[in-house]
Amino acid sequence: MTQPPRPRAVNVVVATTVMLSFISFWRAAAIVLSDLASSAYYVGGIAEQAIGKAAPWFILAIMLFSYAVRAIYIESCSMFVRGGVYKVVHEAMGGTLAKFSVSALMFDYVLTGPISGVSAGLYLGGLVNETGAYLKIPGLHVHPPYFAAVFAAAVTIYFWRKNIIGLHESSEKALRIMQITTVMVVILIAWCLITIFKNGYQPVPLPTLANLHFSKEGLGWLQGTVAPSITIIAIMVGLGHSLLAMSGEESLAQVNREIAYPKLKNLERAGFVIFIYSMLFTSLVSFFAVMIVPDAARQKFLNNLIGGLSMFLVGPMSVRLLFHAFVVLVGTLILSGAVNTAIIGSNGVLNRVAEDGVLPDWFRHPHHKFGTSSRLINLIVILQLITIVISRGDVYMLGEAYAFGVVWSFAMKALSVLVLRYKQPLGRGWKVPLNFHIAGTEIPVGLILITITLFALALINVVTKEVATISGVTFTILFFIVFEFSEKYNRLHTAAHSQELEKFNLNTNEDLSAEAAHVRPGNVIVAVRNPNRMEHLQRMLEKTDTRRIDIVVLSVRQVTQAGSGEHPLDASQIFSVDETAVFTKVVNLAEKAGKHVELMVVPGSDPYAAIVATAQRLQSSRMVMGLSPKLSPAEQGATVGRAWENLPEPRPSLSLEIVAPDEEESIFYNLGPHPPRLWPQDLDLLHRLWLELSAKGPGSKLHHRDIVGVALRRMQESLESGHADDVVADVMREISNGSAAAKSEARSREPK
């Protein structure tokens, strides 16, 4: 008995990357606010310690100025999906200054996590001690700095694990933290207003020279000079000590690539939500603390400003203590969330650096299970844990050093966006306002003013913050040296770096179904092959609502019959460097659109047959291809149609869309049995025949389909008789006439 032929073994590679998970603008705002809003817990105390009771006015000015700085980030993100400091400075001023800027930025990120975690630990440690004193339990007491350091380390390790799992998990946590924080903020503002209405308030001194009382640490190297007596310099010093309120902007650029469609509009929405929330929370807390808490008592709560404020509100002591506990709980959550934000932001920055060949490619290999860049996350967390150990829980020391990276990365980013206004004047979806044109030349007044202000603040910080300058310069130089030597080593030991390639996790399956590929029936397959010809994918991303219809981007790895035969191919044979280049371009387009796609590679000796077979297995409704450079659209459609005819039964209903690069409208073909598209003259002839035949007997019983049916049977009889040559000649003439009619119809649709 003859054995049936053994089915061919086919492996399908499904490629995944962390860069294709998209989030709403609410989640994006929550991630950034975990850093920006968290500064409300410590910036008021640090600023007042440096410049006196007038600090709230400077914090308010910085929060208003933050909207202008955020505008720079929105403009850069409208140019580059990954529009962080490194990318923008590199495009504008080259690799050396880009490495310097990102070194300063990494100093910011390495300190963001520790200062937030330590501050949360101090709030929690203070609550523990106050509870012990209130309940008269001597054993319920901790040493706040050491307790804060241990707590910060524990929170860092917790969010390290969450980021290893993936961004969606982390953004979910950030959103929940901000929801709880919002409840606390609303209660706090309302209660403070009631207290002021009932008990009155202490006025906040205006930010005049006479009302500024600088500490020795607040003046740094300006101590003993005439500079602090000059009004403009004194104001700049005050603003410099309030800059901590404006951290977190770079996280917006890093999260931008994950923002869902419509990306630019959602980025603007996220920026506005961040501005309103952070301005109200951070500035009002500082004002209320000075207005409500007596001066002598407030000095004891500079590291615990909101906790101290809650104890001086009107109402029973038991209720105030309960709210104090709620404030500390929320503070612990939001400050811990800032640790998460620091990990996300620094991971994004180092990913960009590694893509450019500055760091060894080893760092970017995705986690085997979760697809995240776990090795970079590990490096970041190790640096943060070392910082926590060195600080031993001293939040003031961390705060002094923190602003260095913040302001210099902002200044370099602003200068780079200004340079790009002239170097790359096109390609922006949004611009910083206040642009004027003189003799055909654009003068970006708004951008120039922001850049000058940032550099002025950066320079004033250098001379007024000794600890920040020494530690910041040291860290920046060390990181810059590491980047420089790493880049040289990397280029010596790897091939020439021509483009930024993504890293993909490869999941190999011997069979394929819609369920296994995580797509819904009715999905659309977009076939790709050339990374330089992606017009058809771009058009599909623009017009497809991926919330309703899934997009599968498919590449066929051509193999010989022997190579695709009995023995399965492994992933490296199917997914080569060519597929990596193709899918890197796919990821870039998907990120820019803010829409999710599934990535897939199948082996096959006939690309069209492989595409059609995959569409059948995935229960797809449509296949989309670019125009073949070797075939006309009709020939390409016919080739795909023949591949459809060779499918095993039951063959699905499929349509083919061919997108030509220079054509606005696509060309559609229905595969298999389908109603034909008749030309207007054919419909007129059919109707005339119906009228004529109806009058000769059948009457109302005759339908148009009856005439078509008779005509088809008569043609079949002619083909089977001796008149086949005549039928073929008629068909060829009809094809010729049909082509002319198609061209005429296309011309009639052109705009006049």
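Residues numbered from 1 in each chain as written. Predicted model: local features only at pLDDT ≥ 70, side-chain atom pairs only at ≥ 80, totals over all residues. Heavy atoms only, no water.

Brief notes about the overall build of the protein chain
Scanning the protein chain from terminus to terminus reveals 26 helices and 10 strands. For the protein chain, the spread of C-alpha atoms along the three principal axes comes to 115 × 60 × 60 Å. Taking all 752 residues of the protein chain together, 52% fall into the buried category. Pairs at least 24 residues apart make up 80% of the contacts formed inside the protein chain by residues separated by at least 6 positions. A gap of 5 Å separates the mean positions of the 64 positive and 59 negative side-chain charges of the protein chain. (Helix = DSSP H or I, 4+ residues; strand = E, 2+ residues; numbered from the N terminus. Buried < 20%, exposed > 50% of the residue type's maximum accessible area, 1.4 Å probe, protein only. Contact = heavy atoms within 4.5 Å. Lys, Arg positive; Asp, Glu negative; His and termini not counted. Charge placed at Lys NZ, Arg CZ, Asp CG, Glu CD.)

Notes on a nonpolar patch on the surface
Residues Met-715, Leu-719, Val-728, Val-731, Met-732 and Ile-735 make up a contiguous nonpolar surface patch of roughly 520 Å² in combined accessible area. Sorting elements by how many residues they give to the nonpolar patch places helix 26 (residues 724-749) first, with four residues. Inspection of the secondary structure puts Met-732 in helix 26. (Patch = residues over 30% accessible without salt bridge, like charges linked within 9 Å, V, L, I, M, F, W, Y side chains within 5 Å. Areas by Shrake-Rupley, 256 points an atom, 1.4 Å probe, with all protein chains shown as cover. Salt bridge = Lys/Arg side-chain N within 4 Å of Asp/Glu carboxyl O.)

Topic: the environment of Ile-611
When you line up the elements, Ile-611 lands in helix 22 (residues 607-617). In this view, Ile-611 contacts Ile-525, Ala-527, Leu-554, Val-556, Met-623 and Met-625; residues no more than four positions away in its chain are not counted.

A word on the confidence of the model for the protein chain
For the protein chain, mean pLDDT is 85; residues scoring 70 or higher make up 93% of the total. Confidence, read as mean pLDDT per element, is least for helix 26 in the protein chain (68) and greatest for strand 5 (residues 524-527) (96). Segment residues 1-9: pLDDT under 50, and nine contacts once partners within four positions in sequence are set aside and those in other chains are kept. Note on residues 746-752: pLDDT is under 50 here. Beyond four places in sequence and across chains, it has three contacts. (pLDDT = per-residue confidence, 0-100.)

Observations regarding helix 17 (residues 445-464)
Given a rise of 1.5 Å per residue, 20 residues ought to cover 28 Å, and the 29 Å separating the end C-alpha atoms of helix 17 matches this to within 8%. Looking only at helix 17, the buried set comprises Gly-446, Leu-447, Ile-450, Thr-451, Leu-454, Leu-457, Ala-458, Ile-460, Asn-461 and Thr-464. (Expected span 1.5 Å × (residues − 1).)

Focus: the pairing of strand 7 (residues 598-604)
Counting buried positions over the seven residues of strand 7 gives seven, a clear majority of the element. Of the two faces of strand 7, the one lined by Glu-598, Met-600, Val-602 and Gly-604 and the one lined by Leu-599, Val-601 and Pro-603 are each fully buried. By the bridge criterion, seven bridges tie strand 6 (residues 551-558) to strand 7 in an arrangement that is parallel. The residue bridging Val-553 from the neighbouring strand is Leu-599, located in strand 7. (Pairing = 2+ DSSP bridges.)

Re the nonpolar core
Grouped together as the largest cluster of nonpolar side chains are 158 residues, with contacts concentrated most on Tyr-41, Met-184, Phe-281 and Leu-454. Here this core takes 16 residues from helix 16 (residues 395-423), the largest share from any one element. In this structure, Met-184 is in contact with Tyr-41, Phe-281, Phe-323, Phe-326, Val-327 and Val-330, ignoring residues within four places of it in sequence. Listed in part, the 29 residues of the second largest apolar core include Met-600, Leu-618, Met-625 and Leu-647. (Core = buried A, V, L, I, M, F, W, Y, C linked by side-chain atoms within 4.5 Å.)

Focus: unusual backbone geometry
That bond from Tyr-261 to Pro-262 is cis: its omega, -5°, falls within 30 degrees of zero. Counting through the fold element by element, Pro-262 comes out in the loop between helix 10 (249-256) and helix 11 (263-292). The peptide bond linking Glu-649 to Pro-650 adopts the cis configuration, its omega dihedral lying at -5°. Along the chain, Pro-650 turns up in the loop between helix 23 (633-645) and strand 9 (654-659). The phi torsion at Leu-434 lies on the positive side, around 70°, for a residue other than glycine. Mapping Leu-434 onto the fold places it in the loop between helix 16 and strand 2 (435-438). In this model, His-518 sits at a positive phi of 60°, which is unusual for a non-glycine residue. Mapped onto the elements of the fold, His-518 is located in the loop between strand 4 (505-509) and strand 5. A residue is classified by how much of its surface remains accessible, and His-518, at 64% relative accessible area, is exposed.

Concerning the pattern of salt bridges
In this structure the tally under the stated criterion is 21 salt bridges. A salt bridge links Lys-696 to Glu-692; its shortest N-O distance comes to 3.4 Å. Given the relative accessible area of 63%, Lys-696 is considered exposed. The network of salt bridges with shared partners includes Glu-75, Arg-421, Arg-428, Lys-431 and Glu-442.

Remarks on the pairing of strand 8 (residues 622-626)
Across the five residues that make up strand 8, a large majority, four, are buried. Across three bridges, strand 5 lies against strand 8 in parallel orientation. In the strand pairing of strand 8, Val-526 is matched with Val-624. Relative to strand 9, strand 8 is paired through five bridges, and the arrangement is parallel. Counterpart to Met-625 in the pairing with strand 9 is Ile-658. The handedness of the strand 8 to strand 9 crossover, carried by helix 23, is right-handed. (Right-handed = clockwise from strand over helix to strand, strands pointing away.)

Observations concerning helix 2 (residues 43-51)
In terms of burial, helix 2 is a largely internal element, eight of the nine residues being buried. Taken together, the buried positions of helix 2 are occupied by Val-43, Gly-44, Gly-45, Ile-46, Ala-47, Glu-48, Ala-50 and Ile-51.

A word on the side chain of Lys-595
Its place among the elements puts Lys-595 in the loop between helix 21 (577-593) and strand 7. Reaching out from Lys-595, the side chain makes a polar contact with the backbone oxygen of Leu-541 at a distance of 2.5 Å. Side-chain polar atoms of Lys-595 contact the backbone oxygen of Thr-544, separated by 2.7 Å. Lys-595 has contacts with Phe-22, Tyr-261, Leu-541, Glu-542, Thr-544, Thr-546 and Ala-590, leaving out every residue within four places of it along the chain. (Polar contact = N/O pair within 3.5 Å; in protein donor to acceptor, adjacent residues only side chain to side chain.)

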